[in-house]
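Coordinate inspection notes
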Amino acid sequence: MPPSEVAGQTGKAPRVGLFATCLVDLFRPQTGFAAAKLIEAAGARVEVPERQTCCGQPAYNSGDRADAAAIARQVVAAFEGFDYVVVPSGSCAATISRHYPALLADDPSYAHRARALAEKTFELTAFLYDVMGMREVKASFSGAVTYHDSCSGLRELTVRKQPRALLASVDGLTLKEMKDADVCCGFGGAFCVKYPDVSNAIVAKKVAAIEDSRAETLLAGDIGCLMNMAGKLKREGKNVKARHVAEVLADMGDEPAIGEGQ
Amino acid sequence: MSLSITSPAFKENAALALADVDLQQALTHVERGFIEKRRKAAEALPEFEALRDEARAIKEHTLAHLDLYLEAFEAKAQHAGAEVHFAETAEDARQAVLAICRRAKARTVTKGKSMISEEIGLNDFLEENDIAPVETDLGEYIIQLRGEPPSHIIAPAVHVTRNQVEQEFRRAHAGLDPERDLSEPVSLLAEARAALREKFLAADIGITGANFLIAETGSSVIVTNEGNGDLTQILPRVHIVLASIEKLVPTLEDVSTLLRVLARSATGQDMSVYTTFSTGPRRPGDPDGPEETHIVILDNGRAEMLAGELREMLRCIRCGACMNHCPVYHAIGGHAYGATYVGPMGAVLAPALFGLEKTANLPNASTFCGRCEAVCPVRIPLPKLMRHWREREYERHLKPAAERGGLKFWAFLAKRPGLYRLATRLGLAALSRFGRQDSYASLPFAGGWTRHRDLPAPAAKSFLDQWKASR
Ligand code: SF4
């Protein structure tokens, strides 16, 4: 629903609950601040509910459906009062919007609430671009960046043009596409620690593609993938900085990059 | 005898595969060749996406009425003079084939490509019974010489480099002129054909697989690019078709729809070079064809899949697109999976056929990147079905205790936001004391991560705490 409608109904800017994700919370707070800044710049009010931990993917993807459902119920309860839920991660946003309805389908008191929450949950750049109609940001960044399409955001939520369109409005920034930007980086949550050698072979290819793009900065929309790629870039001694795309869009691209101190 | 399943050693298999220079070279063909060809073929056909929906609907409809279509097929095939054998288990199927061989007093059988034959371990079984199987598909022939299982469902020898094939032929083909140039794939094919020619003529029985069984006509359909399948089923006196229950399709019309998505998804061709329909044995007046036709239809756990969440897997038309687009398959190839079927489709199918206990690694060894589902012509939700197996694994306590314990502890906290805050606050503070760094090259308990990459350091203070302080 476009912002004007919401504003028309309530006479006020829409209220957004920011679901920070566990990785942003623990590893990359500045992504959370960047997301909040962008949501406000788009004309919405932002709140960060305290009763949030994680979307439950670690349990869900490990086969622990009962715990995943318990965590899903907790997220539904904490966030259903907002006009929108915005998530700076394609994979966590997809978990809420694509998987919670199935996960809670058999729970009579939560099934419809999970479906309602799914309807109003968005990945950050999709929210800014598709829901709020944002077409440009006030930000500058000098240098060339390359953008990795994280799998869930791309294939479950079709996030592809939104981050690129917004990046195009950043002063001084050039986007150099890498080859196979839509191919997995090898993170896969627990996969990367369960099968480290296979994961490594995949991320090694990704790092080569990043290097071939000749960009100095790697951007993506998911901290998990970014930590994987940043960790590999660092291990291989590559001089490429990794950041969440929100940080550049929020004009916070001069803060320390991932793995560079905060 | 039973098929050897090496999936429990998946990690070790994968490590060997990653270190195998020839294999890594061969695998680049999958990553580049197949993907590009499929993309072009899909783009060239405006109705491709709509055809995928149709293909899916055809298979769904068939599965919903599978009992009826199986009966109809049996009646039509019998009417055409074929004998239909239903085999509940792999052993039943092997015995059915052996009985036919015994009756025909067969010494040699030629074989077209058949994954069912691999699934039931037919070649080893025939050899144990003094019957010599001869694979006639070039790829199958190569791996038979090498004593290997296929590493891909449509390109069984995709893991072998051209050089290795040349070496294998020079070793195996007595009388091959050492001067003969075998540097081109066509010359290798010609050499294989020359070696196979006599075998075709000497074979007592020809065994082929089936891409489809048509209920309307009682026919079986195979697609190949080499024509070897035709010779395999026309020249010998007896033809055996090995199929499984989900190969059923109602009508000829349906087959033509499925063929259109199959070739494009598999190799990027509009059509495979040979598409062969066979209906019963030779009739009076027919110029050629076998005197006897037998169709062995295998269940091997599929009927059970039909009733549950895995049913969608039975839509599979074995095109190979899922493995062609899989980053894990690209990294390690097919043999590491160790359970006949490989890549994403194998990760779903193998636990159903061979038991989850032995194959639990396979549905876990996926990043859930979703590219398989995005290209599957019959839209099988492969990641969802892999997750299904992870859930069964968890339920049955098949996971290592340490992993389960860690997960349980994490979930305990994640379900209690207040406690989670406290615990993460303490954890972050403790890590800071452990030695504040920007990233870690190694950390206790994080070996899986830090073996190959640094770990960016956690924040000193969580986002939620910082946010609260800032407002
Ligand atoms: S699962 Fe889909 S993509 Fe994979 S082989 Fe079967 S039909 Fe093809």
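Residues numbered from 1 in each chain as written. Chains lettered and ligands numbered in written order. Predicted model: local features only at pLDDT ≥ 70, side-chain atom pairs only at ≥ 80, totals over all residues. Heavy atoms only, no water.

A few points about the overall build of chain B
Which entries qualify depends on this criterion: Going along the chain from the N terminus, every DSSP run of H or I of four or more residues is numbered as a helix, and every run of E of two or more is numbered as a strand. The reference for a compact globule is 2.2 Å times residues^0.38; the radius of gyration itself is calculated from the C-alpha atoms. Buried means the residue's accessible area, taken with a 1.4 Å probe over protein chains only, is under 20% of the maximum for its type, while exposed means over 50%, and partly exposed covers the values in between. Contact criterion: two residues are considered in contact whenever any of their non-hydrogen atoms come within 4.5 Å of each other. Areas reported here follow the Shrake-Rupley algorithm with a probe of radius 1.4 Å; residue values treat only the protein chains shown as occluding. A positive count includes Lys and Arg, and a negative count includes Asp and Glu. His and the chain ends are not counted in either. In this description, the location of a charge corresponds to atom NZ of lysine, CZ of arginine, CG of aspartate or CD of glutamate.
Along its length, chain B carries 24 helices and 12 strands. Relative to the compact-globule value of 23 Å for 471 residues, chain B shows a C-alpha radius of gyration of 26 Å, a close match. Taking the principal axes of the C-alpha coordinates as reference, chain B spans close to 90 × 60 × 45 Å. Residues classed as buried in chain B amount to 58% of the 471 residues present. If you take every contact in chain B between residues at least 6 apart in sequence, the share linking residues at least 24 apart comes to 72%. A total of about 19,500 Å² of accessible surface is found on chain B, and carbon and sulfur atoms cover 54% of it. For chain B, the centre of its 57 positive side-chain charges and the centre of its 61 negative side-chain charges are spaced 9 Å apart.

Considerations on the interface of chain A and chain B
To be explicit about the condition: As used here, buried area is the combined drop in accessible area, with a 1.4 Å probe, of two parts when they are placed together. The working definition used for a salt bridge is a side-chain nitrogen of Lys or Arg within 4 Å of a carboxyl oxygen of Asp or Glu.
Counting residues at the interface gives 67 residues for chain A, matched by 64 residues for chain B. Interface area, chain A with chain B, both sides summed: about 5,800 Å², of which 60% is carbon and sulfur. Per-residue buried area on chain A facing chain B is highest for Lys 194, Tyr 195 and Arg 235 of chain A; these three make up 11% of the total on that side. Linking chain A with chain B are 11 salt bridges. Across the pair Asp 67 of chain A and Lys 415 of chain B runs a salt bridge, and its minimum N-O distance is 2.5 Å.

Regarding unusual backbone geometry
Negative phi is the rule for most residues except glycine; trans is the rule for most peptide bonds. The residue Arg 214 of chain A is not glycine, and still its phi comes out positive at about 65°. Relative to the helices and strands, Arg 214 of chain A resides in the loop between helix H12 (196-213) and strand E7 (217-220). Notably, Thr 340 of chain B is not glycine yet its phi reads approximately 65°, a positive angle. Inspection of the secondary structure puts Thr 340 of chain B in the loop between helix H15 (327-332) and helix H16 (343-354). Classification of Thr 340 of chain B by relative accessible area gives buried; the value is 16%.

Considering the sheet that holds strand E8 (residues 241-244) of chain A
Residue and element names in this part refer to chain A. Rules: Strands pair, by our definition, only if DSSP identifies at least two bridges between them. Axis geometry follows a simple rule: fit a line to the C-alpha atoms, using only the stretch in contact for helices, then measure angles between N-to-C directions, giving values from 0 to 180 degrees.
A sheet is described by the order of its strands in space; here four strands give the open sequence E6-E5-E7-E8, paired in parallel fashion. The sheet is open, and its two borders are formed by strand E6 (171-175) and E8, each paired with just one other strand. Shown here is a sheet whose adjacent strand axes are inclined to one another by a mean of 35°, direction ignored. Alignment of strand E5 (residues 140-148) against E6, held across four bridges, turns out to be parallel. By the bridge assignment for E6, Val 145 is matched with Leu 175. Across the face of the sheet, helix H13 (residues 223-235) comes into contact with E5, E7 and E8 while running at roughly 160° to E7.

Remarks on the domain arrangement of chain B
The cut-off we apply is this: Segment limits for the domains were obtained from an automatic or database-derived domain assignment.
Structurally, chain B comprises domain 1 (46-303) and domain 2 (407-470). Put simply, the middle of domain 1 of chain B and the middle of domain 2 of chain B, counted by C-alpha atoms, are 55 Å apart.

Brief notes about helix H6 (residues 90-103) of chain A
All names here are of chain A. Basically, it comes down to this: In this scheme, a helix's expected span is set at 1.5 Å multiplied by one less than its residue total. Bend, in this description, refers to the angle at a residue between axes fitted to the seven residues ending there and the seven starting there.
The first and last C-alpha atoms of H6 sit 18 Å apart over 14 residues, in line with the 20 Å expected at 1.5 Å per residue. At Ser 97, H6 shows its largest bend, some 35°, and a proline, Pro 101, comes one to four positions later. With 12 of its 14 residues buried, H6 lies for the most part within the structure.

Focus: the site of the ligand
Residue and element names in this part refer to chain B. To keep things clear, this is the line we draw: We call a residue near a molecule or strand as soon as one heavy atom of that residue lies within 4 Å of the molecule or strand. Both cavities and pockets are sets of points on a 1 Å grid over the protein atoms alone; in a cavity a 1.4 Å probe fits but cannot get out, in a pocket the set is open with protein on both sides within 12 Å along at least five of seven lines, and lining residues sit with an atom within 4 Å of a point. Assignment to a cavity or pocket requires that more than half of a molecule's atoms be within 2 Å of the site's grid points. Each residue gets one label: Ala, Val, Leu, Ile, Met, Phe, Trp, Tyr, Cys and Pro are nonpolar, Asp, Glu, Lys and Arg are charged, and the others, such as Gly, are polar.
Near the ligand lie 15 residues; those nearest to it are Cys 316, Cys 319, Gly 320, Cys 322 and Cys 376. A majority-of-atoms criterion places the ligand in the second largest cavity. In the shell around the ligand, the residues fall into 13 nonpolar, one polar and one charged.

Observations concerning the domain arrangement of chain A
Residue and element names in this part refer to chain A. Per the domain assignment, the segments of chain A are domain 1 (3-130) and domain 2 (134-249). Domain 1 and domain 2 are separated by 22 Å when their C-alpha centres are compared. Across the contact, 27 residues belong to domain 1 and 24 residues belong to domain 2. The largest contributions to the domain 1 side of the interface with domain 2 come from Leu 38, Thr 125 and Tyr 129, which together make up 30% of the buried area. Linking domain 1 to domain 2 there are one salt bridge. For Glu 247, the salt bridge goes to Arg 28, with nearest N and O atoms at 2.7 Å. Sort the elements by how many residues they give to the side of domain 1 that touches domain 2 and H6 lands first, with seven residues.

Points about the pattern of salt bridges
Residue and element names in this part refer to chain A. This model, assessed by the stated rule, comprises 49 salt bridges over all chains. Measuring nitrogen to oxygen at the nearest pair gives 2.8 Å for the salt bridge that ties Arg 164 to Asp 149. Of this pair, Arg 164 sits in helix H10 (residues 161-168) while Asp 149 sits in the loop between E5 and helix H9 (151-157), and the two are 15 residues apart along the sequence. For the residue pair Arg 164 and Asp 149, the accessibility class agrees, reading buried in each case.

Thoughts on the environment of His 294 of chain B
Residues and elements named next belong to chain B. Applied cut-off: Here a polar contact is taken to be a pair of N or O atoms separated by no more than 3.5 Å, where protein atoms must pair a possible hydrogen donor with a possible acceptor and residues adjacent in sequence count only if both atoms sit in side chains.
Among the secondary structure elements, His 294 is positioned in strand E10 (residues 292-298). His 294 sits in the buried class, given a relative accessible area of 1%. For His 294 and Asp 130, which are 164 residues apart along the polypeptide, the C-alpha to C-alpha distance reads 21 Å. In contact with His 294, other than residues within four places in its own chain, are Glu 83, His 85, Ile 100, Arg 103, Val 238, His 239, Ile 240 and Val 241. Within the structure, His 294 has its side chain in polar contact with the side chain of Glu 292 (distance 2.7 Å).

Structural notes on the sheet that holds strand E3 (residues 84-87) of chain A
Residue and element names in this part refer to chain A. The sheet built from four strands is open, its strands ordered E2-E1-E3-E4 with parallel pairing. If you trace the sheet from one side to the other, it starts and ends with strand E2 (45-47) and strand E4 (121-123), each paired once. Averaged over neighbouring strand pairs, the angle between their axes works out to 35° when direction is ignored. Here strand E1 (residues 15-18) runs beside E3; their pairing, made up of three bridges, is parallel. By the bridge assignment for E3, Leu 18 is matched with Val 86. Packed onto the sheet, helix H3 (residues 29-41) meets E1, E2 and E3 and runs at close to 170° relative to E1.

Some thoughts on the packing of aromatic side chains
To keep things clear, this is the line we draw: Ring pairs shown here join Phe, Tyr and Trp side chains whose ring centres sit within 6.5 Å, with only the six-membered ring taken for Trp; geometry is labelled stacked below 30 degrees between planes, edge-to-face above 60, and tilted in between.
One pass over the structure, following the stated rule, counts 13 aromatic pairs over all chains. Aromatic pair Phe 33 of chain A and Phe 463 of chain B: ring centres 5.0 Å apart, planes at 80°, arrangement edge-to-face. With one member in each of two chains, Phe 33 of chain A in helix H3 and Phe 463 of chain B in helix H24 (residues 463-470) form a pair that bridges those chains. Owing to a relative accessible area of 22%, Phe 33 of chain A belongs among the partly exposed residues under this scheme. On the basis of an interplanar angle of 40° and a centroid distance of 6.0 Å, the ring pair of Phe 79 of chain A and Phe 82 of chain A is categorised as tilted. The same class applies to Phe 79 of chain A and to Phe 82 of chain A, which are both buried.

A short note on the packing of H12 of chain A against H13 of chain A
Residue and element names in this part refer to chain A. So the rule is basically this: Note on angle classes: values under 35 degrees are labelled roughly parallel, values over 145 roughly antiparallel, values of 65 to 115 roughly perpendicular, and the remainder oblique.
For the pair H12 and H13, interaxial distance at closest approach is 10 Å and the crossing angle is 75°. Considered as vectors, H12 and H13 are oriented roughly perpendicular to each other. Mapping the contact onto sequence places Ser 199, Asn 200, Val 203, Ala 204, Lys 206, Val 207 and Ile 210 in H12 and Asn 228, Met 229, Lys 232 and Leu 233 in H13. Across the contact of H12 with H13, the residue classes break down as six nonpolar, three polar and two charged.

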